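As a plain string of letters, each chain reads:
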Amino acid sequence: MVPFERTWPYETLGSDVYVLECPFCSRPNVLLPMKKEELKELHDGKKKLLVFPCCYNRLKLVDADGDYLLADRTIPKRKNPLS
Ligand SMILES: [Zn+2]
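Residues numbered from 1 in each chain as written. Predicted model: local features only at pLDDT ≥ 70, side-chain atom pairs only at ≥ 80, totals over all residues. Heavy atoms only, no water.

A. Here's a closer look at the environment of R58. You can see R58 is positioned in strand 6 (residues 58–64). Those residues in contact with R58 that lie beyond four places of it in its chain are F24, L49, L50, V51 and R73. (Helix = DSSP H or I, 4+ residues; strand = E, 2+ residues; numbered from the N terminus. Contact = heavy atoms within 4.5 Å.)

B. Region of interest: the nonpolar core. Residues V19, L32, M34, L39, F52, L61 and L69 are the most contacted members of the largest nonpolar core, which totals 18 residues. Every element with two or more residues in this core is listed here: strand 3 (16–21), strand 4 (28–35), helix 1 (36–43), strand 6 and strand 7 (68–71). In this structure, L39 is in contact with Y10, T12, V17, M34, A64 and L69, ignoring residues within four places of it in sequence. (Core = buried A, V, L, I, M, F, W, Y, C linked by side-chain atoms within 4.5 Å. Buried < 20%, exposed > 50% of the residue type's maximum accessible area, 1.4 Å probe, protein only.)

C. The sheet that holds strand 6, seen in detail. Read from one edge to the other, the open sheet built from four strands follows the order 1-7-6-5, with strand pairing classed as antiparallel. The open sheet terminates on both sides in strands that have one partner only, identified here as strand 1 (7–9) and strand 5 (48–51). Within this sheet the neighbouring strands show an average axis-to-axis angle of 45°, counted without direction. Pairing of strand 6 with strand 7, which is carried by three bridges, proceeds in the antiparallel orientation. Paired with L61 across the two strands is A71, which belongs to strand 7. Sitting on the sheet, helix 1 touches strand 5, strand 6 and strand 7, and the angle it makes with strand 6 is about 70°. (Pairing = 2+ DSSP bridges. Axes fitted to C-alpha atoms, helices over the stretch in contact; angles between N-to-C directions.)

Encoded structure:
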């Protein structure tokens, strides 16, 4: 079971990966400095330090599935889900 508080949804467009909202600064439609192929590498066990280009906050990614990125720690905006 994937811990919800460590996930963040992403979208792809061609080989680009972006998020509808930055989990740190809330900026909409942030293009991530990674390519779609790297999502597969994450899923295969490779880890990646993601630096958001909007606010330079960092998130260490440890996995990805078809819809979500998985970080090694709680993502700020996920702290109080459904509460
Ligand atoms: Zn940001």
